[in-house]
Amino acid sequence: GIINFCANNYLGLSSHPEVIRAAVEALEKFGAGLSSVRFICGTQSIHKDLEEKIARFHQREDAILYASCFDANAGIFEALLTPEDAVLSDELNHASIIDGIRLCKANKYRYKHMDMQDLEAKLQEAQKHRLRLVATDGAFSMDGDIAPLREICQLAQKYDALVFIDECHATGFLGPNGRGTDELLGVMDKVTIVNSTLGKALGGAAGGYTTGPKPLIDLLRQRSRPYLFSNSLPPAVVGCASKALDLLMESNAIAQSMAAKTQRFRSKMTAAGFTISGKDHPICPVMLGDARLASVMAEDMLNRGIYVIGFSYPVVPKGKARIRVQISAVHSDEDIDRCVDAFTEVGRKHGALR
Ligand code: PLP
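- Going by the annotation in an unreviewed UniProt entry, the name recorded for the protein chain is 2-amino-3-ketobutyrate coenzyme A ligase, mitochondrial, with Tachuris rubrigastra given as the source organism.
- The UniProt entry for the protein chain carries the following text under Cofactor (unreviewed entry): "pyridoxal 5'-phosphate".

Laid out in structure tokens, this is it:
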């Protein structure tokens, strides 16, 4: 009787019967696991097929799998950048990008969140370095806002920089065919490197990847430490992701199935008197400010059959506590209305409405 509104299961594929069947078939055919890293005996045809499929999905030359996107982010900067290079990172980038950048010896610049003036100033400062890489989340998971990739790519062109995006909260559902933020904003040919996860919209099991130019992927296979020194993805996990991508490439109906639901939730909540951060993204943070209010409201929501979680410091800045609601393609219009009604009741009870 409880509806989950806090999972990253954006497209409902984690419970899709064909995705589950594909996992079972891969498990039966290839076993529980490979008991090896990729380059020893951990590569089966399914791994190569999935890498090829990921590259085709993103319209890139090649792809490399990791145990998680955290690993993909931990492995890329150190392998790609030297002390002669520079990396320019949005201040609100995901923790795994921050950790990946910490591991590399490049010169580090942090620009203000989505602030193009500040990015331009930092790019000018970074002209003295050999190579420049701008790194940003495509969609930011705490606020549901989308990076201004068109402007970022224009600046990258002007200052001869490469662009890297983390698409964990975009792959599968942003853009006309669900390719992500770069498709949504018309810059697929301008973003050089895409990292993303198999653990959210693409079946929700686990796994991550980098996709981009073939020489870069070749380099990662030689140098990227989380790839070289960590176990190969288990067959069942590969099976899920592979089927999820098949479903998304067969038609764009699944990728498009949630936009109207997101819109329904956002507009009804705003009309009810709530402030929802971000824009047009299924991450809908209900902004409350006070940490205790967010926590007691989430508890009251659960009592009304709606599973949501309050986020407060240190996950989000002090004074910006919120309940992060995530819309999924599996929510019916009635589910969404039930969620809005529960929020309205609970919000009224706690004096949280505008
Ligand atoms: N990048 C972003 C933006 C994320 O939200 C997450 C997951 O929370 C990750 C990377 C890590 O992904 P994974 O769970 O595949 O390690």
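Moving on from the coordinates now.
Here we look at unusual backbone geometry
Then, in step 1: Cis geometry marks the peptide bond from Tyr313 to Pro314, where omega comes out at 10°.
Then, in step 2: The phi dihedral of Ser35 falls on the positive side, at around 50°, and the residue is not glycine.
Then, in step 3: When you line up the elements, Ser35 lands in the loop between helix 1 (17-30) and helix 2 (45-58).
Then, in step 4: Of note in this structure, Asp280 is not a glycine but carries a positive phi near 55°.

Considering the nonpolar core
Then, in step 1: Residues Leu119, Ile152 and Leu198 are the most contacted members of the largest nonpolar core, which totals 59 residues.
Then, in step 2: Per-element tally for this core: the top contributor is helix 10 (residues 235-250), with 8 residues.

Quick notes on the domain arrangement of the protein chain
How big an interface is tends to be expressed through the accessible area that disappears when the partners come together.
Then, in step 1: Its domain assignment divides the protein chain into domain 1 (16-250) and domain 2 (252-350).
Then, in step 2: Distance between the C-alpha centres of domain 1 and domain 2: 28 Å.
Then, in step 3: Residue-level contacts link 18 residues of domain 1 with 18 residues of domain 2.
Then, in step 4: Summed over both sides, the interface of domain 1 with domain 2 buries roughly 1,300 Å², with 57% coming from carbon and sulfur.
Then, in step 5: Linking domain 1 with domain 2 are 1 salt bridge, by the criterion used here.
Then, in step 6: Where Arg322 meets Asp143, a salt bridge forms, and the shortest distance between an N and an O atom there is 2.7 Å.

Observations concerning the UniProt feature "domain: Aminotransferase class I/classII large" (unreviewed entry) in the protein chain
Then, in step 1: On the UniProt side, "domain: Aminotransferase class I/classII large" (unreviewed entry) is annotated at positions that read residues 2-343 here.
Then, in step 2: Across residues 2-343, the secondary structure splits into 42% helix and 18% strand, with the terminal C-alpha atoms separated by 14 Å.

Brief notes about the pairing of strand 4 (residues 107-111)
Then, in step 1: In the sheet, strand 3 (residues 86-90) pairs with strand 4 via 5 bridges, with the strands oriented parallel. Within the sheet, the bridge partner assigned to Leu88 lies in strand 4 and is Tyr109.
Then, in step 2: This β-α-β element, strand 3 to helix 4 (residues 95-102) to strand 4, shows right-handed connectivity.

Points about the sheet that holds strand 10 (residues 208-212)
Picture the strands of a sheet paired through backbone hydrogen bonds; they go either parallel or antiparallel.
Then, in step 1: Reading across from one edge, 2-10-9-8-5-3-4 is the order of the 7 strands in this open sheet, with mixed pairing throughout. In this open sheet, the two edge strands, each paired with only one partner strand, are strand 2 (62-66) and strand 4. Taking each pair of neighbouring strands and ignoring which way they run, the sheet shows an average axis angle of 20°.
Then, in step 2: When strand 2 meets strand 10, the two strands line up antiparallel, connected through 5 bridges.

Overview of the state of the cysteines
Then, in step 1: Taken as a whole, this structure holds 0 disulfides when the rule is applied.
Then, in step 2: In this structure Cys240 is not part of a disulfide, and its nearest cysteine sulfur, from Cys168, lies 17 Å away.
Then, in step 3: Residue classification places Cys240 among the buried positions, given a relative accessible area of 12%.

What to know about the site of the ligand
Then, in step 1: Around the ligand lies a shell of 13 residues, among which Cys69, Asp166, His169, Thr197 and Lys200 are the nearest.
Then, in step 2: One of the side-chain N or O atoms of His94 is found 3.4 Å from a nitrogen atom in the ligand.
Then, in step 3: At 2.7 Å from an oxygen atom of the ligand is found a side-chain nitrogen or oxygen belonging to His169.
Then, in step 4: Taking 390 Å² as the accessible area of the ligand by itself, protein coverage stands at 80%.
Then, in step 5: Counting residues per element, the shell around the ligand draws most heavily on helix 3 (residues 69-80), which supplies 3 residues.

Let's talk about the sheet that holds strand 13 (residues 309-311)
Then, in step 1: Strand order across the open sheet formed by 3 strands is 11-14-13, with antiparallel pairing between neighbours. Two strands bound the open sheet, and with one partner strand each, they are strand 11 (283-289) and strand 13. Ignoring which end each strand starts from, the neighbouring axes of this sheet average 30° apart.
Then, in step 2: Pairing analysis gives 6 bridges linking strand 11 to strand 14 (residues 321-326), with the strands arranged antiparallel. Counterpart to Val286 in the pairing with strand 14 is Ile323.

Structural notes on the pattern of salt bridges
Then, in step 1: All chains considered together, the criterion is met by 21 salt bridges.
Then, in step 2: The shortest N-O distance in the salt bridge between Lys243 and Glu18 comes to 3.9 Å. You can see Lys243 sitting in helix 10 and its partner Glu18 sitting in helix 1, a full 225 residues away along the chain.
Then, in step 3: The partner of Arg56 in a salt bridge is Glu52, with the nearest N and O atoms 2.8 Å apart. Taken together, the residues span about one helical turn, with Arg56 and Glu52 both in helix 2 at a distance of 4 residues.
Then, in step 4: Through salt bridges with shared partners, one network takes in Arg38, Lys48, Glu51 and Arg221.

Scoring rules and cut-offs
- Residues numbered from 1 in each chain as written.
- Predicted model: local features only at pLDDT ≥ 70, side-chain atom pairs only at ≥ 80, totals over all residues.
- Heavy atoms only, no water.
- UniProt positions renumbered as here; feature names shortened; annotations may be inferred.
- Helix = DSSP H or I, 4+ residues; strand = E, 2+ residues; numbered from the N terminus.
- Core = buried A, V, L, I, M, F, W, Y, C linked by side-chain atoms within 4.5 Å.
- Buried < 20%, exposed > 50% of the residue type's maximum accessible area, 1.4 Å probe, protein only.
- Domains from an automatic or database assignment.
- Contact = heavy atoms within 4.5 Å.
- Buried area = accessible area lost by both parts, 1.4 Å probe.
- Salt bridge = Lys/Arg side-chain N within 4 Å of Asp/Glu carboxyl O.
- Pairing = 2+ DSSP bridges.
- Right-handed = clockwise from strand over helix to strand, strands pointing away.
- Axes fitted to C-alpha atoms, helices over the stretch in contact; angles between N-to-C directions.
- Disulfide = S-S within 2.5 Å.
- Near = heavy atom within 4 Å.
- Polar contact = N/O pair within 3.5 Å; in protein donor to acceptor, adjacent residues only side chain to side chain.
- Areas by Shrake-Rupley, 256 points an atom, 1.4 Å probe, with all protein chains shown as cover.

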